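Structural overview for review
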Amino acid sequence: MKHSNNNEKYFFEIHKDYDGLFYFQLKDYEDNIYLDIGNYTQKTKCEKEVKGIIYNSKNEYHFKLWSIYDGKWIILLKKGNGLTRVITDEFDTREKAENVIEDLRHLSLKTPVIDKTK
């Protein structure tokens, strides 16, 4: 995987569900979903969480790999206060999960955010 320009590889999408709550997904252009986080009552809180993901992903110590079952792996991303912020979908191998961590560490405020609530 190339990690140098993830502004072209990943994007965030903000959605509104049938209950009127907001959530966002981190996706790649092949439509794979890496993060799916939600239940925000305000879109501004959802947008703030996107920035928090970007900010916390810069610190390699905020990531933890977790083996769950049958050789599957998930990634935990913690906030600065140590509380778990994100749990990713599962990955088939540890190597794939490690590559995703490296990609996430290169997210920036230039990573596109697409508002699908309009």
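Note that the coordinates shown come from a computational prediction; the quantities given were computed from them, not determined experimentally.

Conventions adopted
- Residues numbered from 1 in each chain as written.
- Predicted model: local features only at pLDDT ≥ 70, side-chain atom pairs only at ≥ 80, totals over all residues.
- Heavy atoms only, no water.
- Core = buried A, V, L, I, M, F, W, Y, C linked by side-chain atoms within 4.5 Å.
- Buried < 20%, exposed > 50% of the residue type's maximum accessible area, 1.4 Å probe, protein only.
- Contact = heavy atoms within 4.5 Å.
- Helix = DSSP H or I, 4+ residues; strand = E, 2+ residues; numbered from the N terminus.
- Pairing = 2+ DSSP bridges.
- Phe/Tyr/Trp six-rings, centres within 6.5 Å; stacked < 30°, edge-to-face > 60°.

Of all hydrophobic cores here, the largest spans 26 residues; its most connected members are F12, F24, L26, I37, I53, I75 and L107. Apart from the residues within four sequence positions on either side, F24 is in contact with F12, E13, I14, L35, D36, I37, Y40, C46, E49, V50 and I53.

Attention now goes to unusual backbone geometry. A positive phi angle, close to 70 degrees, is found at D31, a residue other than glycine. In this structure, D31 sits in the loop between strand 2 (22-28) and strand 3 (33-40). Judged by its relative accessible area of 52%, D31 is exposed. With a phi angle near 75 degrees, N39 is a residue other than glycine that sits in the positive phi range. As for its position among the elements, N39 is in strand 3.

Bridging between strand 2 and strand 3 involves 6 bridges; their strand directions are antiparallel. Its bridge partner being in strand 3, F22 is matched across the sheet by Y40. Between strand 2 and the antiparallel strand that follows it, strand 3, lie 4 residues; D31 among them carries a positive phi value of about 70 degrees.

The subject of this paragraph is the packing of aromatic side chains. For the structure shown, the criterion picks out 4 aromatic pairs. Pairing Y10 with Y34 gives two aromatic rings, centres 5.3 Å apart and planes at 80 degrees, and the pair type is edge-to-face. Of the two residues, Y10 is situated in strand 1 (residues 10-16) and Y34 in strand 3; the sequence distance between them amounts to 24 residues. Residue Y10 is classed as buried on the basis of its relative accessible area of 0%. Ring geometry for F12 versus F24: centroids 5.9 Å apart, planes at 65 degrees, classification edge-to-face. With F12 in strand 1 and F24 in strand 2, the pair connects residues that are 12 residues apart, well separated along the chain. Like F12, the residue F24 is buried in the burial classification.

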